[in-house]
There are 2 protein chains.
Amino acid sequence: MAHQNENKKAIDLNILVTNDDGIYSPGIFALTKSLGEIGNVTVVAPLQEQSAVGHAITMQIPLRVTEAFKNGDFFGYAVSGTPADCVKIGIRNIMKVPPDLVVSGINHGSNTAINIIYSGTVSAAREAAIMDVPSMAVSITNHAAKDFRFAAKVSNLLANKIVGKDIPLGTLLNVNIPDVPEEKISGIVLTKQGKSKWDDIYEKRTDPYGKNYYWLTGNLMEVDTELDIDQVAIKKNYVSVSPIHFDLTDYETFDKMKNWNIERLLNGKEN
Amino acid sequence: MAHQNENKKAIDLNILVTNDDGIYSPGIFALTKSLGEIGNVTVVAPLQEQSAVGHAITMQIPLRVTEAFKNGDFFGYAVSGTPADCVKIGIRNIMKVPPDLVVSGINHGSNTAINIIYSGTVSAAREAAIMDVPSMAVSITNHAAKDFRFAAKVSNLLANKIVGKDIPLGTLLNVNIPDVPEEKISGIVLTKQGKSKWDDIYEKRTDPYGKNYYWLTGNLMEVDTELDIDQVAIKKNYVSVSPIHFDLTDYETFDKMKNWNIERLLNGKEN
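Everything numeric here is computed off the predicted structure, so don't read it as measured data. (Residues numbered from 1 in each chain as written. Chains lettered and ligands numbered in written order. Predicted model: local features only at pLDDT ≥ 70, side-chain atom pairs only at ≥ 80, totals over all residues.)

Helix and strand counts for chain A come out as 7 helices and 11 strands. The 271 residues of chain A split such that 52% are buried. Considering only residue pairs separated by 6 or more positions, chain A has 75% of its internal contacts joining residues 24 or more positions apart. (Helix = DSSP H or I, 4+ residues; strand = E, 2+ residues; numbered from the N terminus. Buried ≥ 20, exposed ≤ 12 C-beta atoms within 10 Å, placed from the backbone. Contact = placed C-beta atoms within 7 Å.)

So, in structure tokens, the structure goes:
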């Protein structure tokens, strides 16, 4: 890399950073610091933890935006809503110019296989993709992860590649990083969303007033075996990078359903 | 159809009904009544309105389940959570045997194009698909719809077809019904998810204490023109039926990204 003026960044990207663990979580702090090396970072993140909120957006109540500080310095904007809300209001109202890139994370806990559907972290990056901004979601595979340095480094390297490469509008990268020391990382692989699902269990308890309540628990039933599947890759200590999008149409079934003659359903002539 | 014993239903389906407008909404009442003609219906729906919650699930707080009554009769189970929660706990804890079919609706307001991503109604049906239960989401194209009779009739006809036909596990039908009198319905068409998106606007207001707050509003930017797109179909008074799934992998971009040589990113040899 050519020598750079110390006061000028190598690449002058305009980056929006958000997450679903909340603006005061350590993961977003590590991510912001790392991305600060390659661009100007604006943090817009939920005031409170928003795990498993999926692609919820706030419409029934208004949003509040407040300034958040870390170590006495201004850190970013805290929003009284979901990760997707943060991306929407960050781009529409908070940032003066639209970002070149949105990065969501670093999430505590992997977002692979079926978990992508429930993830607030992924939904934030997906909201950016909907708004035609290149984006990625970054997660580390441990709910108790403490060391975000390697994950932050990977985020930085990938951020550079996303902006330079030709990812179609509407597609985002879902990145999962094993929580192991860097020397134990097997490598980086391109992956697809796995088919592993949760075997849900609702644990029934009784409150002090004699009424029942239910906690969601369960076990992930792992069904995939190939290294190009996100859940398999992280188990083998690979960094997993999946391109995902928001076109939910099942084109194969669409073609098969042409035989249904669905247009005849109303007049009783369906087969 | 062969003559049936009056006390026996033509088809004895075991059906779970849910929605996102809440268990006391008129749409779920009309749907339950209509599906009661072809099966045994168990209603498990949110206690409170849950619009735009996407695929949120409740994990940070426990769920409560209470019995709900309409006109003095037992109607179903009200859950203190999201539509996806209702499907999970309905299948896992409330129903004695797993349902043959899950139907979510009838939603006030269409769920087409980008709205599918934000929809609690669609996410409930998607949760059923994740749990390998055939399902559909049904919406009527007017937030103030009053007459659900035609939508309920279409739901009944489609419910019969879904169970009898070979829809792959993991695929659900997203059904949108124009809010016009039945004689003005143009027909039924098979559709794909449209590409129309919202141009979001956050309306800034000041509360009585001098602090700002923001309401999400906006306009849907319609970009599609073909009748086999959900948003176009409903505009032309067609019932729209789209097969959708939860595999978010962008396979086309996956193939293109093989040229990224992403495996070399860490050792600085990437192109």
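That covers the picture; the talk isn't over yet.
Glancing now at the relation of the copies chain B and chain A. Superposing chain B onto chain A takes a rotation of 180 degrees combined with a translation of 0.0 Å along the rotation axis, leaving an RMSD of 0.0 Å. Such a turn and shift between the copies fits a two-fold axis. Interface overlap between copies: 100% of the residues of chain B at the interface are likewise at the interface in chain A, consistent with a symmetric, same-surface contact. (Least-squares fit on C-alpha atoms with pLDDT ≥ 70 in both.)

Moving on, we come to the nonpolar core. Val103 and Val175 of chain A together with Val103 and Val175 of chain B are the most contacted members of the largest nonpolar core, which has 153 residues in total. In contact with Val103 of chain B, not counting residues within four places along its chain, are Ile15, Val17, Leu31, Leu35, Ser135, Met136, Val138, Ser155 and Ala159 of chain B. (Core = buried A, V, L, I, M, F, W, Y, C linked by C-beta atoms within 7 Å.)

Let's shift gears to the sheet that holds strand β6 (residues 135-140) of chain A. All names here are of chain A. Spatial strand order, β3-β4-β2-β1-β5-β6-β7-β11-β8: 9 strands in an open sheet with mixed pairing. For this open sheet the edge positions go to β3 (65-70) and β8 (187-190), each flanked by a neighbour on one side alone. Strand-to-strand, the axes of this sheet are offset by a mean angle of 25 degrees, without reference to chain direction. Judged from the 4 bridges that link them, strand β1 (residues 13-18) and strand β5 (residues 101-108) form a sheet pairing that is parallel. The partner of Leu16 across the bridge, within β5, is Val102. Where helix α1 (residues 26-35) meets the sheet, its contacts fall on β1, β2 (39-46), β3, β5 and β6, and the angle it forms with β5 comes to roughly 140 degrees. Its contacts with the sheet put helix α4 (residues 120-130) on β1, β5, β6 and β7 (171-177), and the angle it makes with β6 is roughly 170 degrees. (Pairing = 2+ DSSP bridges. Axes fitted to C-alpha atoms, helices over the stretch in contact; angles between N-to-C directions.)

Across the contact, 61 residues belong to chain B and 62 residues belong to chain A. Element by element, the count of residues in the side of chain B that touches chain A is highest for strand β11 (residues 238-245) of chain B, at 5 residues. Across the side of chain B that touches chain A, the residue classes break down as 36 nonpolar, 13 polar and 12 charged. (Nonpolar A, V, L, I, M, F, W, Y, C, P; charged D, E, K, R; others polar.)

Turning our attention to the environment of Val103 of chain B. Following the sequence through the fold, Val103 of chain B ends up in strand β5 (residues 101-108). Remark: the alpha-carbon pair of Val103 of chain B and Leu266 of chain B, spanning 163 residues in sequence, is separated by 47 Å.

Moving on: the packing of α1 of chain A against helix α5 (residues 149-164) of chain A. Residue and element names in this part refer to chain A. One way to put it is that α1 packs onto α5 with a least axis distance of 9 Å and a crossing angle of 45 degrees. With respect to α5, the axis of α1 lies oblique. Considering the relative orientation of α1 and α5, their crossing is right-handed. Packed against α1, whose contacting residues are Ala30, Leu31, Lys33, Ser34 and Leu35, the element α5 presents Arg149, Ala152, Lys153, Ser155, Asn156 and Ala159 at the interface. The residue makeup of the contact of α1 with α5, split by class, is 5 nonpolar, 3 polar and 3 charged. (Parallel < 35°, antiparallel > 145°, perpendicular 65-115°, else oblique. Left-handed = near helix turned anticlockwise from the far one by under 90°.)

Turning our eyes to something else, we now look at helix α2 (residues 83-94) of chain B. Burial within α2 of chain B is extensive, with 9 of its 12 residues counted as buried. If you check which residues of α2 of chain B are buried, you get Pro83, Ala84, Asp85, Cys86, Val87, Lys88, Ile89, Gly90 and Ile91 of chain B.

Residue and element names in this part refer to chain A. Along the chain, Thr112 turns up in the loop between β5 and α3 (115-118). On a C-alpha basis, the gap between Thr112 and Ile201 in space is 20 Å, while along the polypeptide they are 89 residues apart. Setting aside anything within four residues of it in sequence, one finds Thr112 in contact with Asn176, Gly194, Asp230, Gln231, Ile234 and Ser240.

Once that is clear, we can look at the pairing of strand β10 (residues 212-221) of chain A. All names here are of chain A. As judged from the 10 bridges shared by strand β9 (residues 197-206) and β10, these two strands associate in the antiparallel manner. From the neighbouring strand, Trp198 faces β10, where its bridge partner is Leu220. Between β9 and β10, which pair antiparallel and follow one another directly, the connecting turn spans 5 residues, one of which, Gly210, has a positive phi of 85 degrees.

The next point concerns the confidence of the model for chain A. When pLDDT is averaged across chain A, the result is 92; 94% of the residues are at 70 or more. In the model, residues 1-8 of chain A has pLDDT below 50 throughout and makes 2 contacts with residues more than four positions away in sequence or in other chains. (pLDDT = per-residue confidence, 0-100.)

Residue and element names in this part refer to chain A. Running from amino to carboxyl end, helix α2 (residues 83-94) crosses α4 at an angle of 25 degrees, the nearest separation of the two axes being 7 Å. Between α2 and α4, the interaxial angle falls into the category roughly parallel. Two packed elements cross with a definite hand, and for α2 against α4 that hand is right-handed. Here Pro83, Ala84, Cys86, Val87 and Lys88 of α2 lie close against α4, whose contacting residues are Gly120, Thr121, Ser123, Ala124, Glu127 and Ala128. Considering only residue class, the contact of α2 with α4 consists of 6 nonpolar, 3 polar and 2 charged.

With that out of the way, let us pick up the sheet that holds β11 of chain B. Residues and elements named next belong to chain B. The strand order β3-β4-β2-β1-β5-β6-β7-β11-β8 describes an open sheet built from 9 strands, whose pairing is mixed. Both outer strands of the open sheet, β3 (65-70) and β8 (187-190), are each paired with one neighbouring strand and no more. Geometrically, the sheet is characterised by an average inter-axis angle of 25 degrees between neighbouring strands, direction not taken into account. Pairing between strand β2 (residues 39-46) and strand β4 (residues 73-79): 3 bridges, direction parallel. Pairing of Val44 across the sheet is with Tyr77, part of β4. Set on the sheet, helix α1 (residues 26-35) makes contact with β1 (13-18), β2, β3, β5 and β6 (135-140); between it and β5 the angle comes to about 140 degrees. In the packing of α2 onto the sheet, the strands contacted are β1, β2, β3, β4 and β5, and the crossing angle to β2 comes to about 130 degrees.

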